[in-house]
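# Chains, contacts and geometry: an overview
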Amino acid sequence: MGTRQATPANSPRRTDNLQAEQRRAHLPQTLGELRTSREFSETRLRTRTVKDELRENLIARLKAREPIFPGIIGYEDTVVPQIVNAVLSRQNFILLGLRGQAKSRILRALTLLLDEQLPYIAGCEIRDNPYVPLCRRCRDLVVEQGDGTPLGWMSREERYVEKLATPDVTVADLIGDLDPIKAARGGHDLASEMTMHYGLLPRANRGIFAVNELPDLAGKIQVALFNIMQEGDVQIKGYPVRLELDLALVFSANPEDYTARGKIVTPLKDRIGSEIRTHYPETLEEGIAITTQEAWTDRELGEAAIPQYLREVIEQVAFTAREDKKVDKRSGVSQRLPIATLELAVSNAERRALMHGESRVAPRVGDLYTALPGITGKLELEYEGEMKGADTVVRDIVRGAIGKIFDKYFADVNTQQIEQWFNLGGTVKISDEQPAKATLEELKQIQGLEEKLAPLGVKHGDPPEIVTAAAEFLLEGMCAHRRISRNEERSFSAQRKPQQEKSPERADAEREYEQWQTRRTRRGSFN
């Protein structure tokens, strides 16, 4: 078992926590102090719902021209305007999209539209509004202590509750259940609300409640959910319980499941205000921006020197996979694929640098083949792909991606001199087992190679790691277009000429000749 390290005294997390505690110390601590404050006056808090709060803070952000969802790339003109409209309309909404389309991240970012701090009656399980308490315990406490009722404060993050829907989720998990132990200790009747053990939904009161993969909830749970949304009541063990909760409900789902033919209960579907479709990056540039933002590439040896063409190849792998007929379109190809692939490629470059004592971490195109485990696990294959094998399908996708980006840089470059060198018997091996400097010395044997790297911005005198990476990309691109060949040991050589297929006429003639020879042999055996 690992040990948990203590948080350093000067860490950003501890600093933020201390600052939050200091701010809370200056906030009203009792109901009486709250009544006299301007910011949290009774007139404002009594009638202001969570959806009103989201709407007001969104309007303030729009007026100030502040980004609505920082870090979300590619949705500025598609998804974000629809979410803005739903929030302005005070609607519950659902994000429909395939895996790896930032659905959960967007839902969590809604907390930015909440107030920094919100008061509640201290010790309340459902974080009751001090001015309008719902639960019996809080109502009795306010009657008993009046203005001396103690308060607690919730941060934005504490007001967000998330649940991944699974078929085994019960009404008790989501809504609550009767607690006989609580009834026995307090001497309450089981029909009393004082015996209630609240589930996730009531505990999210005055906040945002998110359900991921909504259709995976069992039908009766979905019915309980839309009863809460529409009527504010639910039955637990036969006892009617009315919970006038103040919630903003948001959901996510796969479009295939979110249909009448799928697993969604139609009345619940009808009560969700907006259905907003997410999507994968529409351009290579958007995908690269997302991967660059999310991938961990800053290693102990220093930040990796990742060339632009390698970033494009990695992103093109995802784009090519999404178009491949052997990949299941209904499951999609997650944006996590290029992120994981880039991290694994950088890790292989880091391993190579550590082996040879190099100070520069320079990933190469060949490192993509060491990242196959990060790609195969993120693809769902059709029957044809399963028959062919995941590794074979992924290698074909990687080869196609390399060829496409190769054309972008070398479409007008004449590589015949390099092809001729290989055709004359030349071979070269690029291996992790030797340092970049030694590999570069071998590559210099190829006539005209270094001059052909100019489209990549590589020039004479650049570090060996950079030149070697560029040269490998050129050779891999030529392999993708079958101008030269490469074996599994990463040794490049001349392209093997395929055997000429026989024409149908020649095949028929040979077959007739064989039959004639057979008949002739049989006749001779009768003599």
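Thresholds, definitions, all that
Residues numbered from 1 in each chain as written. Predicted model: local features only at pLDDT ≥ 70, side-chain atom pairs only at ≥ 80, totals over all residues. Heavy atoms only, no water. Helix = DSSP H or I, 4+ residues; strand = E, 2+ residues; numbered from the N terminus. Buried < 20%, exposed > 50% of the residue type's maximum accessible area, 1.4 Å probe, protein only. Contact = heavy atoms within 4.5 Å. Phe/Tyr/Trp six-rings, centres within 6.5 Å; stacked < 30°, edge-to-face > 60°. Lys NZ or Arg CZ within 6 Å of the ring centre and 35° of its normal. Salt bridge = Lys/Arg side-chain N within 4 Å of Asp/Glu carboxyl O. Pairing = 2+ DSSP bridges. Axes fitted to C-alpha atoms, helices over the stretch in contact; angles between N-to-C directions. Parallel < 35°, antiparallel > 145°, perpendicular 65-115°, else oblique. Nonpolar A, V, L, I, M, F, W, Y, C, P; charged D, E, K, R; others polar.

### Details of the overall build of the protein
In terms of regular secondary structure, the protein is built from 22 helices and 16 strands. When burial is assessed residue by residue, the protein has 48% of its 527 residues classed as buried. Of the contacts formed within the protein by residues at least 6 apart in sequence, a portion of 74% connects residues at least 24 apart.

### Digging into the packing of aromatic side chains
Under the counting rule described, the total for this entry stands at 7 aromatic pairs. Aromatic side chains Y409 and F473 sit 6.4 Å apart centroid to centroid with 85° between the ring planes, which places their arrangement in the edge-to-face category. Placement of Y409 in helix α18 (residues 390-410) and of F473 in helix α21 (residues 464-480) is noted, with a sequence separation of 64 residues between them. Through a chain of ring-to-ring contacts, the aromatic side chains of Y309, F406, Y409, F410 and F473 assemble into a single cluster. The aromatic ring of Y280 is capped on one face by R322, whose charged end is 4.1 Å from the ring centroid. The ring of Y369 is capped by R486, whose NZ or CZ atom sits 4.9 Å from the centre of that ring.

### Let's talk about the pattern of salt bridges
Applying the stated rule across the entire model yields 30 salt bridges. Here K408 ties to E312 by a salt bridge, and the two come within 2.9 Å at their closest N and O atoms. Pair noted here: K408 is in helix α18 and E312 is in helix α14 (residues 308-323), with a separation of 96 residues, a long-range link. A residue is classified by how much of its surface remains accessible, and E312, at 4% relative accessible area, is buried.

### Section: the sheet that holds strand β16 (residues 491-494)
Working definition: the strands of a sheet are paired by backbone hydrogen bonds and lie parallel or antiparallel to each other. Taking strand neighbours across the sheet as the criterion, the 3 strands line up as β14-β16-β15 in an open arrangement whose pairing is antiparallel. Each of the sheet's edge strands pairs with one partner strand only, and the pair in question is β14 (428-429) and β15 (484-486). Packed on one face of the sheet, helix α19 (residues 416-423) meets β14, β15 and β16 and runs near 95° to β16. Along the sheet, α21 contacts β14, β15 and β16; its crossing angle with β15, the most-contacted strand, is approximately 105°.

### A look at the pairing of strand β3 (residues 151-155)
Of all 5 residues in β3, 5 are buried; the element is thus mostly enclosed. Alternating positions in β3 separate into two faces, L151, W153 and S155 on one and G152 and M154 on the other, with burial throughout. Where strand β2 (residues 117-121) and β3 come together, 5 bridges link them in antiparallel fashion. Residue pairing across strands places P119 opposite W153, the latter belonging to β3.

### Re the packing of α19 against α21
As a packed pair, α19 and α21 sit with axes 12 Å apart at the nearest point and diverge in direction by 80°. One way to sum up the angle between α19 and α21 is to call them roughly perpendicular. From α19, I418, E419 and F422 reach across to α21, where they touch L474, L475 and M478. Per-class residue counts for the contact of α19 with α21 are 5 nonpolar, no polar and 1 charged.

### Quick notes on the sheet that holds strand β4 (residues 160-164)
Pairing within the open sheet is parallel, and its 5 strands lie in the order β4-β7-β10-β1-β11. Edge strands, defined here as strands with exactly one partner in the open sheet, are β4 and β11 (274-277). Between one strand axis and the next, the sheet turns by 20° as a mean value, whatever way the strands run. Where β4 and strand β7 (residues 207-212) come together, 5 bridges link them in parallel fashion. Bridge pairing in β7 places E162 opposite A210. Here helix α5 (residues 79-88) sits on the sheet in contact with β1 (93-96) and β11, set at roughly 165° to β11.

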